[in-house]
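Secondary and tertiary structure notes
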Amino acid sequence: MLIAKMNQGKDGDETGTGEGAEAAAEHWPAPVAEGRIDARVALPGSKSLTGRELVLSALADGPGTLRAPLHSRDSALMIDALRALGTEISESGGDGAFGADLRIVPAAELTGSTSIACGLAGTVMRFVPPVAALALGPVAFDGDPYARKRPMRPVLDALRALGADIADEGRGALPFTVHGTGALRGGRVELDASLSSQFVSALLLAGARFAEGVHVVHTGERVPSLPHIEMTLETLRARGVDAASPRPGEWLVRPGPIAAREVRIEPDLSNAAPFLAAALVAGGRVTVPGWPAATTQVGDSLRGLLAEFGAEVARTDGALAVASDGAIRGVRLHLPQAGELAPTLVGLAALAAHGRDGTDGEPSEITGIGHIRHHETDRIAALVAEINALGGDAAELPDGIAIRPAALHGGVWHSYADHRMATTGALIGLRVPGVEVEDVASTAKTLPQFTDLWQRMLGIAGPAGEPGAVRSQQLLSGAAGGLAAAGLAGGLGGDAWTVEPTAGPGFDLGGGFDDA
Ligand SMILES: O=C(O)C1=C[C@@H](OP(=O)(O)O)[C@@H](O)[C@H](O)C1
Ligand SMILES: C=C(OP(=O)(O)O)C(=O)O
């Protein structure tokens, strides 16, 4: 495969690479769809579920097993962090599709006097400090250059209020050291979680092991990514913990044992986003097997969201299928709960604004996602900069992005060390020739197989034996022709979503809540 060299990198500190403006990075020429897609793409386990179940397994009352966990940079960092605190974690068979199962033996007593690398993983930098507070001895945390910019103060201050001794450099960010004493008092604590739901999940996950449990009271305006907090509560309850949200903005975990479990991890539905969106961009159909009937993963909302862009969506026989004739409608979306999906959806909106050939685009507005400025990079600034660099007309809103019709052209798409920026570049490159994704390797954060799965989806051979897209077939070239011409006559049937006209009120995926 052609790999071009990048002559002028973006500022290293801003991109999170730390390699400076002269850094050379490899470019990945994003493949253009030569025709309609008809592919089935199996995906590895959920980052968010794997991270939570690893933490809960390490705090459990006996050995446990994770079946089909995610193996990626973020999960490896979580495993290393828990091992550093004395947890035994070993690989133990499994079907091998995306790596081994994991056997976790909790430490009799968590041990400190160690250091933990967080990489760029929000889940590691937020979920592990409360566990470190239960260990004996100092635990030093640090991460990638950009990780030092991600907010930590609310969770550090909350832990202090619950009895922990934490030394930082006064910035409320990495690096910091948790001086664990082997136990934490716990109790009621107020914090502002408006920048990240992970602050709340962090305290809840370890809360059953605090002497008084934990009662988290949110003090800010709104909490983003609420489904992720619901996921935290569900994983706790499945292990016998009394965990609930007694009222909006408050969460309660009572002290008690965390049951050891064998848990099968669902596929990562958020990582399905660019693959399912590819059906809209190339036309045709993409199917993701193993789509749960019920789940706390926010990726499940792709069903309604992709329909807003004009796709037909159906879950049949445990697989989610997205089909399209290649027409992408402009949207108005309000997405405080699903910021994790925003990069893909903004990429689709940029292609809606490009239209089929650069002359027939439709505008879009995606709001309610101000908190994604605190994700792996400032995603609002990064998406606007990269779309505009390709000829687009995107503008930052205080809490979102507006995109007006404009033709896109090829060029370098910078990833900012952000896996979802990289996959968004690949999505745009599916329709716009000449897009080169800088640092596509950043996809290893949650999906090391990304380029192989992407190429297989398009019928481009990946490494022998690699799982993923098992069927890919060129249909008609060009995007016109409708579903019937694409061999998809009758659409998807089943429980397909109804597609509303473009000029509707827009899709509002919950508004979080305003604090009383
Ligand atoms: O708890 C989790 O696993 C996550 C919570 C969300 O974080 P924010 O609340 O910071 O958006 C989400 O965006 C992130 O990818 C994963
Ligand atoms: C925001 C994300 O990651 P993190 O867990 O590092 O916050 C993400 O994966 O989109």
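Residues numbered from 1 in each chain as written. Chains lettered and ligands numbered in written order. Predicted model: local features only at pLDDT ≥ 70, side-chain atom pairs only at ≥ 80, totals over all residues.

In the annotation of an unreviewed UniProt entry, the entry for the chain reads 3-phosphoshikimate 1-carboxyvinyltransferase, and the organism field reads Leucobacter allii. Of the chain, the UniProt comment under Subcellular location (unreviewed entry) reads exactly: "Cytoplasm". As recorded by UniProt, the Sequence similarities (unreviewed entry) comment attached to the chain reads in full: "Belongs to the EPSP synthase family." (UniProt positions renumbered as here; feature names shortened; annotations may be inferred.)

Topic: the overall build of the chain
What the chain contains, in helices and strands, is 14 helices and 25 strands. Looking at the chain as a whole, 56% of its 516 residues qualify as buried. Long-range pairs, those at least 24 residues apart, make up 73% of the contacts in the chain between residues at least 6 apart in sequence. (Helix = DSSP H or I, 4+ residues; strand = E, 2+ residues; numbered from the N terminus. Buried ≥ 20, exposed ≤ 12 C-beta atoms within 10 Å, placed from the backbone. Contact = placed C-beta atoms within 7 Å.)

Observations concerning the site of ligand 2
As a structural note, the neighbourhood of ligand 2 is formed by Ala121, Gly122, Thr123, Glu340, His375, Glu376, Arg420 and Thr446. Looking at the shell around ligand 2, its residues break down into 1 nonpolar, 4 polar and 3 charged. Each of domain 1 (47-264) and domain 2 (269-489) accounts for three or more of the residues forming the shell around ligand 2. (Near = placed C-beta within 6 Å. Nonpolar A, V, L, I, M, F, W, Y, C, P; charged D, E, K, R; others polar. Domains from an automatic or database assignment.)

Some words on the sheet that holds strand E16 (residues 284-289)
Judged by pairing direction, the sheet is mixed, and its 4 strands sit side by side in the order E3-E16-E18-E17 without closing on themselves. Among the strands making up the open sheet, the edge pair consists of strand E3 (37-40) and strand E17 (312-316). For this sheet the average axis-to-axis angle between neighbouring strands, irrespective of direction, equals 15°. Sheet analysis places E3 next to E16, joined by 4 bridges and oriented parallel. Within E16, the position partnered with arginine 40 by the bridge is threonine 287. Sheet contacts for helix H8 (residues 273-282): E3, E16 and strand E18 (319-324); angle to E16, the most-contacted strand, approximately 170°. (Pairing = 2+ DSSP bridges. Axes fitted to C-alpha atoms, helices over the stretch in contact; angles between N-to-C directions.)

Overview of the pairing of strand E14 (residues 250-253)
Judged by which residues are buried, E14 turns out to be one-sided: Trp251 and Val253 face inward and are buried, whereas Glu250 and Leu252, on the alternate face, are not. As paired strands, strand E12 (residues 214-218) and E14 are joined by 4 bridges and run antiparallel to one another. Note on E14: the bridge partner recorded for valine 217 is glutamate 250. Of the strand pairs in this sheet, strand E13 (residues 243-247) and E14 are connected by 3 bridges, and their pairing is antiparallel. The residue bridging alanine 243 from the neighbouring strand is valine 253, located in E14. If you look at the hairpin formed by E13 and E14, you'll find 2 residues sitting between the two strands, and glycine 249 has a positive phi there, around 85°.

Brief notes about the domain arrangement of the chain
For the chain, the domain assignment lists domain 1 (47-264) and domain 2 (269-489). The gap between the C-alpha centroids of domain 1 and domain 2 is 30 Å. Across the contact, 23 residues belong to domain 1 and 18 residues belong to domain 2. Those elements that provide at least two residues to the side of domain 1 that touches domain 2 are helix H3 (73-84) and helix H7 (226-237). The biggest single contributor to the side of domain 1 that touches domain 2 is H7, with 6 residues. Here the side of domain 1 that touches domain 2 is composed, by residue class, of 11 nonpolar, 4 polar and 8 charged.

Remarks on the site of ligand 1
By nearness alone, 13 residues border ligand 1, and Ser48, Ser196, Ser197, Ser225 and His228 come closest of all. Listing elements by their share of the shell around ligand 1, those giving two or more residues are helix H4 (122-132) and helix H6 (198-207). Taken together, the residues of the shell around ligand 1 break down into 1 nonpolar, 11 polar and 1 charged.

Quick word on the packing of H6 against H7
For the pair H6 and H7, interaxial distance at closest approach is 9 Å and the crossing angle is 5°. The pairing of H6 with H7 is recorded here as roughly parallel in orientation. The residues of H7 that touch H6, namely those facing Val200, Ser201, Leu204 and Leu205, are His228, Ile229, Thr232, Leu233 and Leu236. Among the residues forming the contact of H6 with H7, the class breakdown is 6 nonpolar, 3 polar and no charged. (Parallel < 35°, antiparallel > 145°, perpendicular 65-115°, else oblique.)

Observations concerning the packing of H8 against helix H10 (residues 342-354)
It is at 10 Å that the axes of H8 and H10 come closest, and there the two elements cross at 15°. Taken together, H8 and H10 sit at an angle that is classed as roughly parallel. The element H8 and its partner H10 pack so that their crossing is right-handed. On H10, the residues that touch Ala273, Pro274, Ala277, Leu280 and Val281 of H8 are Thr344, Leu348 and Leu351. Considering only residue class, the contact of H8 with H10 consists of 7 nonpolar, 1 polar and no charged. (Left-handed = near helix turned anticlockwise from the far one by under 90°.)

A few points about the UniProt feature "domain: Enolpyruvate transferase" (unreviewed entry) in the chain
Under the present numbering, the feature "domain: Enolpyruvate transferase" (unreviewed entry) in UniProt falls on residues 35-452. As a span, residues 35-452 carries 29% helix and 24% strand, and end to end its C-alpha atoms are 18 Å apart.

As for the sheet that holds strand E7 (residues 114-117)
In spatial order, the strands read E7-E8-E10-E9; together these 4 strands make up an open sheet with mixed pairing. A strand with exactly one partner marks an edge of an open sheet, and here the two such strands are E7 and strand E9 (165-168). Each strand of the sheet is rotated relative to its neighbour by a mean of 20°, with strand direction disregarded. Direction of pairing for E7 relative to strand E8 (residues 136-142): parallel, over a ladder of 4 bridges. Across the sheet, threonine 114 pairs through a bridge with valine 139, a residue of E8.

Concerning the UniProt feature "binding site: phosphoenolpyruvate" (unreviewed entry) in the chain
Per the UniProt entry, the sites bearing "binding site: phosphoenolpyruvate" (unreviewed entry) are Lys47, Gly122, Arg150, Gln198, Arg379, Arg420 and Lys445 in this numbering. Along the chain, glycine 122 turns up in helix H4. On the basis of neighbour counts, which here come to 27 C-beta atoms within 10 Å, the residue glycine 122 falls in the buried class. If sequence neighbours within four positions are ignored, glycine 122 has contacts with Arg150, Ser196 and Gln198. One can find lysine 445 in the loop between strand E24 (435-438) and helix H13 (450-457).

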